[in-house]
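Here is what each chain is made of, one letter per residue.
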Amino acid sequence: MPSQNVNFERTLLSTTSDANTRDMAMTIFSGMVLESFQTASVFYDRAGEFMSIKQLNGAASAQWPIIGNDPFGSYHVPGTFINEQSSMGTNDKRIQMFQKTITTDEYLVNGLDIPFTDMNVLHFDVIGPFATKLGRNLAKILDRKIAILATKASLANAVTDVYATGMQINRTGSATIATAYPPSPSGAYNFRVDLAALAQKFDEASIPESGRYMFITPAIKTALRFEPAFYNSISSAGVYGTAVSGVVGTSVFQAAPSNYTGGSSMSDISSRVIGNLEGFQFVVTNNLPTTDLSAATGLSGEDLAVAYSSVTGTTGGKYQINALGTASNPRPVAVALCSAATGSPAIGMVQATGLQTHMEDDQRRNTKFLKAQLMCGLDVLCPWSAGSITVTAS
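Throughout what follows, the structure given in this document is the object of discussion. Every value quoted in this text rests on a predicted model; they were computed, and no experiment measured them.

Things to note about unusual backbone geometry
- Even without glycine at this site, glutamate 278 takes up a positive phi of about 55 degrees.
- You will see that asparagine 366, though not glycine, has its phi angle at about 55 degrees, which is positive.
- Among the secondary structure elements, asparagine 366 is positioned in the loop between β9 (347-362) and β10 (367-380).

What follows is the structure, encoded as structure tokens:
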């Protein structure tokens, strides 16, 4: 019987009818990594919101101008010289300005080998789940770095004629979120009070009200479900303008709910959707700093990658923080970022490369090698565009 050619469609064959039947394999793998990276990240690549990003081209660093306070006007006497200085020999009316340089770190890499033997005997796909894990972990590391920088920005010291001290509200008496903001009406009330105080600091510093983002821990999200002025479903317990008895006390909330619109609400307690509160848009994250990453040695695993700075070649420097909640080491429970739209982004990033992926068969080891990597650097630009709510034991 003569042989016959059976026509069938190869799964990875490109629509361009390329002879290479695996030319889409890398595309599929890359797409899985990129999708998981973008899904897992809440801080990274937020240009136009609270981050400024510059692409490097044949350089290791980039600069941003940091411009200080506005000059003040004064009345003029006709015939006298209009001087930029308020009085001779001073610089009170000059605009203070300096530049911030951000240098890229080395390649952040995540890779693994899958033995051919495993792939031959497995009856389910592993490339997809492994690709997801590669991208997700890179996103987590970068998010943790940005969260550290945001926390440190909120604690920054003042620079004369440029910005005041950092926007921080600290609750003393507890080093843990569970005791400072328990999942109860009192915990929700404590956070509401601190959040209002932080919003006031932003207002007093003339930070625009639009585009304020608040990154909170899951524990804070749980506590907020007891906030009566936050969820319209609770507002039915009392009449508009009266106290909500039995929820947080008899006279704590005398005004209308913060987002009261006559029956509709931006928040939904049943689906755990959080709307705006005190002008902040809420984002939940598990990546706020909670441990001591200040040691130059002794770190391992993911913590080592988070704390490592290529500029110093150690785990010290800009990504170094102690967030144990002791008296001098506050633990953040919420971090606020804003103002990229007005030219004062809290965080800056330089990118030497975006997210890159690679997959190949390693015949010398009988494995399939998967790799995801990117090369970027991060640092604080405008500390006055960052804020935090923290806890300390004393």
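Here we look at the sheet that holds strand β4 (residues 108-115)
- Spatial strand order, β1-β9-β10-β4: four strands in an open sheet with mixed pairing. Each having just a single partner strand, β1 (51-55) and β4 make up the two edges of the open sheet. Across the sheet, the mean angle from the axis of one strand to that of its neighbour is 25 degrees, orientation sign disregarded.
- Sheet analysis places β1 next to β9, joined by five bridges and oriented parallel. Note that in β9 the partner of isoleucine 53 across the bridge is methionine 349.
- Together, β1, β4, β9 and β10 form the strand contacts of helix α3 (residues 127-154), whose direction differs from that of β10 by roughly 15 degrees.

A look at helix α5 (residues 185-204)
- Taking 1.5 Å as the rise per residue, α5 with 20 residues should run 28 Å; its terminal C-alpha atoms sit 29 Å apart, in good agreement.
- Listed as buried for α5 are Gly187, Ala188, Asn190, Phe191, Arg192, Asp194, Leu195, Leu198, Ala199 and Phe202.
- Two residues or fewer past α5, serine 206 is found with a positive phi of approximately 60 degrees.

Some remarks on the sheet that holds strand β6 (residues 213-216)
- With mixed pairing, the five strands of this open sheet are ordered in space as β5-β11-β8-β6-β7. Across the chains shown, the open sheet's two edge strands, defined by having one partner strand only, are β5 (167-172) and β7 (281-284). On average, each strand axis in the sheet is inclined to that of its neighbour by 20 degrees, with strand direction left out of account.
- Direction of pairing for strand β8 (residues 331-337) relative to strand β11 (residues 386-392): antiparallel, over a ladder of six bridges. Counterpart to leucine 337 in the pairing with β11 is alanine 386.
- Most of the contacts of α3 go to β11, to which it runs at about 85 degrees, and overall it touches β5, β8 and β11.
- Along the sheet, α5 makes contact with β5, β6, β7, β8 and β11, crossing β5 at roughly 155 degrees.

Looking at the packing of aromatic side chains
- Counting across every chain of the model gives five aromatic pairs.
- Measuring from centroid to centroid gives 6.0 Å for phenylalanine 50 and tyrosine 213, while their planes differ by 70 degrees, and the two rings are edge-to-face. Taken together, the residues phenylalanine 50 in the loop between α1 (25-40) and β1 and tyrosine 213 in strand β6 connect sequence positions 163 residues apart.
- Among the residues examined, tyrosine 213 registers a relative accessible area of 11% and is labelled buried.
- Ring pairing ties together the aromatic residues Phe43, Phe50, Tyr213 and Phe215, which thus form one cluster.
- The ring of phenylalanine 226 has arginine 225 sitting right over it, with the charged end atom 5.5 Å from the ring centre.

Conventions and cut-offs
- Residues numbered from 1 in each chain as written.
- Predicted model: local features only at pLDDT ≥ 70, side-chain atom pairs only at ≥ 80, totals over all residues.
- Heavy atoms only, no water.
- Helix = DSSP H or I, 4+ residues; strand = E, 2+ residues; numbered from the N terminus.
- Pairing = 2+ DSSP bridges.
- Axes fitted to C-alpha atoms, helices over the stretch in contact; angles between N-to-C directions.
- Contact = heavy atoms within 4.5 Å.
- Expected span 1.5 Å × (residues − 1).
- Buried < 20%, exposed > 50% of the residue type's maximum accessible area, 1.4 Å probe, protein only.
- Phe/Tyr/Trp six-rings, centres within 6.5 Å; stacked < 30°, edge-to-face > 60°.
- Lys NZ or Arg CZ within 6 Å of the ring centre and 35° of its normal.

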